[in-house]
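A closer look at the structure
Here are the chains, one letter per residue:
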Amino acid sequence: MKESAKAPIIAGLIGLFVLALRKSSPNRPFQLPPPSRGKAMTTPPISPLARQVPGVRDPKLGRSRARAWGLLLHTTGGGVTDKAKKLGKTPIAVAIETYINSQNGANGYFWGGPGYVLEHDGTLHQLAPDNIVTAHAGGPHRDQYLDGTWLSKVSPSMATEWHRQWSVNRNPYSLFPSRSPNEDYIGVEMIPCGDGFGIPMRPGLRFTQAQFDTVIALGSEMGKRHIWPVGWQKTARLLGHEDVDPIERHDSKGGWDPGWLRASPYFDFDYVRSRIS
Ligand SMILES: [Zn+2]
């Protein structure tokens, strides 16, 4: 049989198979595909710089990826320090409890949350190995980023700062190679200073010197472990949640997660990018 004649038959068989699969699977609200579709990662998924958190969701229940492409930084926001103060707990205890619950479906889907959490004293906690895809930076705005209408959904400061960083020829979903930032980036949540916890590296910022030191150490370690190209830290392989989802992560002064794309930044990406080796 000629190749051209075979193609429609094969396509038809695949179509029937997909239909059968659809019929047999119940409607599920989870954002991530099932674990059976995973691929093996060829680089080690555990950071030697991090403490492994006990009691996390079993990675065997996650979907694995063949590679991690970059590092994406978040801030947990002030809710963590506020809750810690009210409950008499440490911020890191509150954050870890929150993210283990998110891994187990507290937000309506499994594997919500970051791979790592960073506390004020610079201690890094790993909650998911780097080969597991977690839902930390996805969202419903992909179409608006691709068609340009996102610019009407963000403040003028956000748009200005975003273009200053990435140029007018790009959009938030052209920064990374796949369809979703969750697929490509390892997420790190940083607890901000506040409610009596932590002293910022300098006035105006919201993160401690120790947190900056650990982000730099982690970037240096991770880039080598995952064999990212030399200079990766000065490309979109390193960015913040506000870079890929400015609609959800902006206010009138610009981006706040973690707060670099604004006139008076909360986080200093220049400092980090220039020190990762
Ligand atoms: Zn975030």
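In what follows, the structure referred to is the one given above.
Below is a short write-up of the structure. (Residues numbered from 1 in each chain as written. Predicted model: local features only at pLDDT ≥ 70, side-chain atom pairs only at ≥ 80, totals over all residues.)

The next point concerns the overall build of the protein chain. Helix and strand counts for the protein chain come out as 9 helices and 8 strands. Of the contacts formed within the protein chain by residues at least 6 apart in sequence, a portion of 71% connects residues at least 24 apart. (Helix = DSSP H or I, 4+ residues; strand = E, 2+ residues; numbered from the N terminus. Contact = placed C-beta atoms within 7 Å.)

Generally speaking, nonpolar side chains in soluble globular proteins are found buried as a group. Formed by 55 residues in total, the largest nonpolar core has its most connected members in L71, L72, A95, Y116, V117 and L118. Sort the elements by how many residues they give to this core and helix α3 (residues 91–103) lands first, with 5 residues. Once you skip the residues sitting within four places of it in the chain, A95 turns out to touch T76, V80, V117, E189 and I191. (Core = buried A, V, L, I, M, F, W, Y, C linked by C-beta atoms within 7 Å. Buried ≥ 20, exposed ≤ 12 C-beta atoms within 10 Å, placed from the backbone.)

Every buried residue of helix α2 (residues 79–87) is accounted for by V80, T81 and A84. In an axial view of α2, the angular spread of the buried residues amounts to 95°, which keeps them on one side of the axis. Summarising the contacts, the buried residues of α2 are in contact with α3. G88 occupies a position one or two residues after α2 and carries a positive phi of about 70°. (Arc of directions from axis to C-beta.)

This part takes up unusual backbone geometry. Cis geometry marks the peptide bond from D257 to P258; its omega dihedral reads 10°. Note on placement: P258 falls in the loop between β8 (254–255) and α9 (269–275). The residue S167 is not glycine, and still its phi comes out positive at about 80°. On the neighbour-count criterion, S167 (8 C-beta atoms within 10 Å) is exposed.

Strand order across the open sheet formed by 6 strands is β1-β4-β3-β5-β2-β6, with mixed pairing between neighbours. Strand pairing shows two members of the sheet lacking a second neighbour, β1 (51–52) and β6 (238–240), which therefore form its edges. Where strand β3 (residues 116–118) meets strand β4 (residues 124–126), 3 bridges bridge the pair, whose relative direction is antiparallel. Paired with Y116 across the two strands is Q126, which belongs to β4. Across the sheet, α3 lies against β3, β4 and β5 (185–190), angled at about 165° from β3, the strand it touches most. (Pairing = 2+ DSSP bridges. Axes fitted to C-alpha atoms, helices over the stretch in contact; angles between N-to-C directions.)

Attention now moves to the environment of G113. Within the secondary structure layout, G113 lies in the loop between α3 and β3. Sequence-wise, G113 and A135 are 22 residues apart; in three dimensions their C-alpha atoms are separated by 5.8 Å. If sequence neighbours within four positions are ignored, G113 has contacts with Y99, S102, Q103, L127, T134 and H136.

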